[in-house]
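# Secondary and tertiary structure notes
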Amino acid sequence: MKFVAFERAKQGTGASRRLRNTGKTPGIVYGGSGEPQLIELDHNALWHALKKEAFHSTILDMELGGNTGKVLLRDVQVHPFKPMVLHIDFQRVDAKTRLHMKVPLHYVKAEESQAIKFDNCVVNPVMSEVDISCFPADLPEFIEVDLSGMKKGMSLHLNDITLPKGVTAVTRGKPNPVVVTVVIVGGEEAVEPGAEAAPGAVPAAAAAPAAEPKAGAKGEGKGEGKAAEKAPAKAPAKKK
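The model shown is predicted, which means the values in this text are computed figures rather than measured ones.

The phi dihedral of K109 falls on the positive side, at around 60°, and the residue is not glycine. With a relative accessible area of 41%, K109 lands in the partly exposed category. In this model, N120 sits at a positive phi of 55°, which is unusual for a non-glycine residue. Taking the relative accessible area as the measure of exposure, N120 reaches 38% and is therefore partly exposed.

Working definition: an aromatic ring pair is given by the centre-to-centre distance plus the angle between the planes. Scanning the entire structure with this criterion turns up three aromatic pairs. An angle of 25° between the planes, with centres 4.9 Å apart, marks the rings of F3 and F90 as stacked. Remark: F90 occurs in strand β6 (residues 85-92) and F3 occurs in strand β1 (residues 2-7); sequence separation between them is 87 residues. Residue class for F3 comes out buried when judged on its relative accessible area of 10%. Ring-pair connections join several aromatic residues into one group, and the members of that group are F3, F55 and F90. Across from the ring centre of F135, 5.0 Å away, lies the NZ or CZ of R98, which sits over that ring.

So, on to the sheet that holds strand β9 (residues 129-134). Here we have four strands laid out as an open sheet, ordered β10-β7-β9-β12, and mixed in their pairing. Two strands bound the open sheet, and with one partner strand each, they are β10 (143-146) and β12 (168-169).

Across the sheet, which stays open at both edges, the three strands sit in the order β8-β13-β11 with antiparallel pairing between neighbours. For this open sheet the edge positions go to β8 (121-125) and β11 (155-157), each flanked by a neighbour on one side alone. Ignoring strand direction, the axes of neighbouring strands in this sheet form an average angle of 15°. In this sheet, strand β13 (residues 178-184) lies alongside β8 in antiparallel orientation, the contact comprising five bridges. By the bridge assignment for β13, P125 is matched with V180.

Turning to the side chain of S16, a few remarks are in order. With respect to the element layout, S16 can be found in helix α1 (residues 13-21). Once residues lying within four places of it in the same chain are set aside, the contact partners of S16 are R8 and P26.

Note that S57 resides in helix α3 (residues 53-57). Along the primary structure S57 and L73 are separated by 16 residues, whereas in three dimensions their C-alpha atoms are 7.8 Å apart. A distance of 3.0 Å separates the side chain of S57 from the backbone oxygen of E141, its partner in a polar contact.

Tallying each qualifying case throughout the model produces four salt bridges. Ionic pairing is found between E129 and K102, a salt bridge with its closest N-O pair at 3.9 Å. Taken together, the residues span a long stretch of sequence, with E129 in strand β9 and K102 in strand β7 (residues 99-108) at a distance of 27 residues. A residue is classified by how much of its surface remains accessible, and E129, at 38% relative accessible area, is partly exposed. Assessed through its relative accessible area of 47%, K102 is described here as partly exposed. Its salt-bridge partner being R172, residue D131 comes within 2.8 Å of it at the nearest N-O pair. Highlighted residues: D131 in strand β9 and R172 in the loop between β12 and β13, separated in sequence by 41 residues. When its relative accessible area of 59% is taken as the criterion, R172 is described as exposed.

Analysis parameters
- Residues numbered from 1 in each chain as written.
- Predicted model: local features only at pLDDT ≥ 70, side-chain atom pairs only at ≥ 80, totals over all residues.
- Heavy atoms only, no water.
- Buried < 20%, exposed > 50% of the residue type's maximum accessible area, 1.4 Å probe, protein only.
- Phe/Tyr/Trp six-rings, centres within 6.5 Å; stacked < 30°, edge-to-face > 60°.
- Helix = DSSP H or I, 4+ residues; strand = E, 2+ residues; numbered from the N terminus.
- Lys NZ or Arg CZ within 6 Å of the ring centre and 35° of its normal.
- Pairing = 2+ DSSP bridges.
- Axes fitted to C-alpha atoms, helices over the stretch in contact; angles between N-to-C directions.
- Contact = heavy atoms within 4.5 Å.
- Polar contact = N/O pair within 3.5 Å; in protein donor to acceptor, adjacent residues only side chain to side chain.
- Salt bridge = Lys/Arg side-chain N within 4 Å of Asp/Glu carboxyl O.

Structure representation (structure tokens):
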């Protein structure tokens, strides 16, 4: 993707506020062999570019002062409730320096898996992106994950994914984290293979006590029935 930036002469809170009021977004470019440089971008064009996945995960062509250079998006500051980009950072790309980036994962062919077609399961993605290290020429826009082989009870780990050539996954904590799991739907409980019901076990429906009949509409409730049983019969009236 290509975008246009302009040199920015002034810096500071007041200068940035005035810049935003004119429909511009302040930013900075750093890294590589050059010095950090202040820039400004058209806010509306930037706002729409940020909605595209490629703007976040690919090498961008930045036109600045008549020259075009390779950069990566590194940081974006957005207003907490207004649709406004407050500041943006880019890093220059050196072809001989390895990059450390987060790349989105695209899951495909899940509907073709046995887990969904026959086992009444749902494929549940645990990770939406992965940290990678590679040279700029090998940086992928995204990594595709084929889920057609998923079955009931399976889970897919990071080591099970085929990464593009020249790309290495960067993990922190667990060396082989879970990427995708298979979840049973419809309220079924997973049972381990070989597990059997305990001797003498009774189904929940059979073990539940029978419900007592509901009270009638004319005072035939349980409490009123007991009161009627305990109350003595009324003696007949004496004749005068």
